[in-house]
Amino acid sequence: MGTLGRLARRLNRALESCAALLAILLLLWGSYCLWCDAAVRRQANLGGQVLQYKPGGEQGENPTLAELQKLNPDVIGWLSVTDTPIDYPVVQGEDDFVYVNHNVLGEYAMSGAIFLSCQNSARLEDGYSLVYGHHMENRAMFGCLPEYLQRDFFAAHKTGVLRLPERTLKLTFFACVETDAADDWFYSTGRCCQNRAGLLRHIRSLGGVQMGTEPQETQGVAAFSTCSDARTNGRVVLLAKIEPEEKRGAEML
């Protein structure tokens, strides 16, 4: 019994040591996860650090945007959606993977950046444009996009602007739908440009929230896409009509 007792005590001490080690590892892992989450949130809020470059000059003048383009030539404009947290620069990389994990300054960042699909080469007001952004829990980036699936929210936030170096485009949202990453009607820009009537029929078929007048078949359409928490590979897509803005300035925002 003495030998068995000693073995039992040693086994208990070993189990206690393993439990303590496991607790320490879990504590370290939890701390690391919290640090990563905070880092992503800081990266997503980089827009606040670059607000000094937000364009706001007279027609045809965007000097601050030009300064931001000196920091990163991939910057193509600035997106602002009325009365929402969406107020960020927009970039366009050489492919659609660059800015999934790089910020607007081109630095590695898990939060990525809001970016225009590299498939888009036409004038934005004439064609179909696809803009991506991460869905952040703190409503940063495109975190508030799924809220457009609520009619009351949609009705209160129907406009925005996309300021480009040489002009400003007005955005009027007309639909918000749920789909998935394999939906070629949204994620193949060539198909959408070639068959605008088919795109509009597809949008209607998805249901979601349809509000306001649909664009003409020759009018520019922008699709703002983010991930959906509802299902794997799910996407929320907010659709807007695009038209040149005759006047630019604070009255739009």
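The model shown is predicted, which means the values in this text are computed figures rather than measured ones.

> Explain the overall build of the protein to me, please; I cannot follow it from the model alone.
Secondary structure assignment for the protein yields 7 helices and 9 strands. The 253 residues of the protein split such that 45% are buried. Of all intrachain contacts in the protein linking residues separated by at least 6 positions in sequence, the fraction that spans at least 24 positions is 60%. Here the protein displays about 13100 Å² of accessible surface, and carbon together with sulfur accounts for 55% of that area.

> Teacher, can you tell me more about the layout of surface pockets here?
Where empty space is left becomes clear once a probe the size of a water molecule has been rolled over the atoms. Of the voids in this model, the largest pocket is the one considered here, and its volume is about 370 Å³. In this structure, the largest pocket is lined by 16 residues; those nearest its centre are Asp96, Val100, Phe115, Tyr132 and Arg235. Of all the elements, strand S8 (residues 220-227) adds the most residues to the lining of the largest pocket, at 3 residues. The residue inventory of the lining of the largest pocket, partitioned by class, reads 9 nonpolar, 5 polar and 2 charged.

> Sorry if this is basic, but what is going on with the pairing of S8 here?
A regular strand places its side chains so that they alternate between the two faces of the sheet. The element S8 is extensively covered by neighbouring structure, given that 7 of its 8 residues are classed as buried. For strand S4 (residues 128-132) and S8, the ladder comprises 5 bridges, and the chain directions are parallel. Counted as the bridge partner of valine 131 is phenylalanine 224 from S8.

> So what exactly am I meant to see when it comes to the pattern of salt bridges here?
Side chains that differ in charge, positive against negative, can pair when their charged atoms come close. Per the counting criterion, the structure on display carries 3 salt bridges. Between lysine 54 and aspartate 87 there is a salt bridge, with its nearest N and O atoms 3.1 Å apart. On the criterion of sequence distance, the pair formed by lysine 54 in the loop between helix H2 (46-49) and helix H3 (63-71) and aspartate 87 in strand S2 (residues 87-91) is long-range, its members being 33 residues apart. Of the charged contacts in the structure, one is a salt bridge between glutamate 166 and arginine 167, with a shortest N-O distance of 2.0 Å. Overall, arginine 167 belongs to the buried group, its relative accessible area being 16%.

> Please explain the nonpolar core as it appears in this structure.
In summary, soluble globular proteins display a tendency toward joint burial of nonpolar side chains. By size, the foremost hydrophobic cluster in this structure holds 32 residues, and its most contacted members are Leu79, Phe142, Tyr148, Phe154, Phe173, Phe224 and Leu238. Dropping the residues within four chain positions of it, tyrosine 148 is found in contact with Val81, Thr84, Phe153, Phe154, His157, Phe173, Cys176, Val209 and Leu238. Listed in part, the 28 residues of the second largest apolar core include Val104, Tyr187, Val221 and Leu239.

> Please explain unusual backbone geometry as it appears in this structure.
Peptide bonds are mostly trans, and most non-glycine residues show a negative phi. One non-glycine residue, aspartate 83, lies in the positive phi region at around 60°. Summarising the element assignment, aspartate 83 is placed in the loop between strand S1 (75-81) and S2. Residue class for aspartate 83 comes out exposed when judged on its relative accessible area of 65%. Phi at methionine 141 takes a positive value of approximately 55°, unusual for a residue other than glycine.

The rules behind these values
Residues numbered from 1 in each chain as written. Predicted model: local features only at pLDDT ≥ 70, side-chain atom pairs only at ≥ 80, totals over all residues. Heavy atoms only, no water. Helix = DSSP H or I, 4+ residues; strand = E, 2+ residues; numbered from the N terminus. Buried < 20%, exposed > 50% of the residue type's maximum accessible area, 1.4 Å probe, protein only. Contact = heavy atoms within 4.5 Å. Areas by Shrake-Rupley, 256 points an atom, 1.4 Å probe, with all protein chains shown as cover. 1 Å grid on protein atoms, 1.4 Å probe; cavity = no way out; pocket = protein on both sides within 12 Å on 5 of 7 lines; lining within 4 Å. Points joined across faces, edges and corners; volume = space filled by probe spheres on them. Nonpolar A, V, L, I, M, F, W, Y, C, P; charged D, E, K, R; others polar. Pairing = 2+ DSSP bridges. Salt bridge = Lys/Arg side-chain N within 4 Å of Asp/Glu carboxyl O. Core = buried A, V, L, I, M, F, W, Y, C linked by side-chain atoms within 4.5 Å.

Everything listed is a geometric property; what it means functionally is a separate question.
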